[in-house]
Amino acid sequence: MSWEHINVMTQPYVKQTIENEVAYIEFFHPAHNSLPGDLLAELADTITAAGKNDDIKVLVLKSGGERTFCAGASFKELININDEATGKVFFSGFANVINAMRKCPKFIIGRIQGKTVGGGVGLASATDYCMASKYAAIKLSELNIGIGPFVVGPAIERKMGLSAMSQIAIDANTFYPADWAKEKGLFTQVYESTAELDAAVKATAEHLCTYNPEAMVEMKKVFWSGTDDWDDLLAERAAISGRLVLSEFTKEKLKGFK
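Counting restarts for each chain, with residues numbered from 1 along the sequence as it is written. Only residues with pLDDT of 70 or above have their local features reported here, since the model is predicted, and side-chain atom pairs are shown and tallied only from 80 upward, although totals for entire chains, interfaces and linings are computed over all residues. Just so you know, side-chain values use all the structure's heavy atoms and leave hydrogens and water out.

**Some details on the packing of aromatic side chains**
When two rings of Phe, Tyr or Trp (its six-membered ring) have centres within 6.5 Å they constitute a pair, described as stacked for plane angles under 30 degrees, edge-to-face for angles over 60, and tilted for the intermediate range. Throughout the structure, instances matching the rule amount to six aromatic pairs. For the pair Trp 224 and Trp 230, a centre-to-centre distance of 5.7 Å together with 90 degrees between the ring planes defines the contact as edge-to-face.

Below, the structure written as structure tokens:
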């Protein structure tokens, strides 16, 4: 393997490929696909642009690598927050992606190949149809460091219900298996391997492209009814996290990650 290839494999990216009217939007970060602010902004912009592209009928959200879909927010950035305004901007990153997914007029399929934590569970919950491998255990770990899943909470609650969201938010040390997430409504199907997952995602996405685009636009509006206030709601939630991350409790916890 060449040095150039190794270097590409370790560089963070957001990329989009279009095949048979399906946009595959993929993100990657070498730190377990954790998402710093610049990648979140690029992801939100890519989803918004795909929603406006007439050559695209369906979107697939996926990540690079094998066993981790998304480890949530970037701890490196989190540790460096020193004021509430910066904190709000940091936590607004996932809010902006979720709102871009909510407003996108096209169906978004989630392809969850591995473990997903915190903000990653929010991204999975904001897809319209989420498919996973058996390795896709989920965890909301925010309470461990003195904050909470405030920004992603509405998306998770909308998909899984308040009871399930509360359970994983309080039980912040536990990975819940993919089958549990399927039982609670997050995942539509759980597959034995990534290869089976990819085949199913491709078949589902391409089949959706045969449907009336106008009907799918109207259905998406129905699915997301009652969320028109999320621009404001998620910004308010980001401000809560931005305040809490400055607490002595959280600052002490974060020292262990330096």
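**So, the packing of helix H6 (residues 153-160) against helix H11 (residues 230-244)**
For helices, the fitted line uses only the C-alpha atoms of the stretch in contact; every axis is such a line through C-alpha atoms, and the angle between N-to-C directions lies from 0 to 180 degrees. Every helix listed is a DSSP run of H or I at least four residues long, and every strand listed is a run of E at least two residues long, numbered separately from the N terminus. Where H6 contacts H11, the axes come no closer than 10 Å and their chain directions differ by 120 degrees. As summarised for this structure, H6 and H11 are arranged oblique, according to the angle between their axes. Between H6 and H11, the contacting residues are Pro 154, Ala 155 and Arg 158 on the first element and Trp 230, Leu 233, Leu 234 and Arg 237 on the second. Each residue is assigned to one of three groups, with Ala, Val, Leu, Ile, Met, Phe, Trp, Tyr, Cys and Pro labelled nonpolar, Asp, Glu, Lys and Arg labelled charged, and all others, Gly among them, labelled polar. Counted by class, the contact of H6 with H11 contains five nonpolar, no polar and two charged residues. For this classification, under 35 degrees means roughly parallel, over 145 means roughly antiparallel, 65 to 115 means roughly perpendicular, and everything else is oblique. The criterion used for residue contact is that any of the two residues' heavy atoms lie within 4.5 Å.

**Some words on the pattern of salt bridges**
Within this document, salt bridges are pairs made up of a side-chain nitrogen of Lys or Arg and a carboxyl oxygen of Asp or Glu, the two lying within 4 Å of each other. Scanning the model with the defined rule gives 11 salt bridges in all. Notably, a salt bridge pairs Lys 184 with Glu 183, separated by 3.8 Å at the nearest N-O pair. A relative accessible area of 29% means that Lys 184 is categorised as partly exposed. Each residue is placed in one exposure class: buried if its accessible area under a 1.4 Å probe, protein chains only, is under 20% of its type's maximum, exposed if it is over 50%, and partly exposed if it falls in between. The exposure class assigned to Glu 183 is exposed, which follows from its relative accessible area of 61%. Note that Glu 218 and Lys 221 form a salt bridge whose closest N and O atoms lie 3.3 Å from each other. Of the two residues, Glu 218 and Lys 221 both sit in helix H10 (residues 213-223), three residues apart, roughly one turn of that helix. When its relative accessible area of 45% is taken as the criterion, Glu 218 is described as partly exposed. Take Lys 221: its relative accessible area is 52%, and that puts it in the exposed class. Through salt bridges with shared partners, a single ionic network connects Arg 102, Lys 103 and Asp 231.

**A look at the sheet that holds strand S8 (residues 138-139)**
Only strands joined by at least two bridges in the DSSP assignment are considered to pair. Taken in spatial order, the three strands line up as S4-S6-S8 in an open sheet, and their pairing is parallel. Either end of the sheet is taken by a strand with one partner, and the two such strands are strand S4 (68-70) and S8. Examined bridge by bridge, strand S6 (residues 115-117) and S8 share two bridges and lie parallel to one another. Residue pairing in the sheet places Thr 116 in a bridge with Ile 138 of S8.

**With respect to the nonpolar core**
Ranked by size, the top nonpolar core spans 62 residues in total, and within it Leu 43, Ile 47, Leu 123, Ile 138 and Phe 187 carry the most contacts. The element that contributes the greatest number of residues to this core is helix H4 (residues 84-103), accounting for eight residues. Not counting chain neighbours up to four residues away, the residues in contact with Leu 43 comprise Val 14, Ile 25, Phe 27, Leu 35, Leu 61, Val 97 and Leu 123. Counting 15 residues, the second largest nonpolar core, distinct from the first, contains Val 22, Tyr 24, Met 131 and Met 216. Nonpolar cores were defined as sets of buried Ala, Val, Leu, Ile, Met, Phe, Trp, Tyr and Cys residues, with membership established by side-chain atoms within 4.5 Å.

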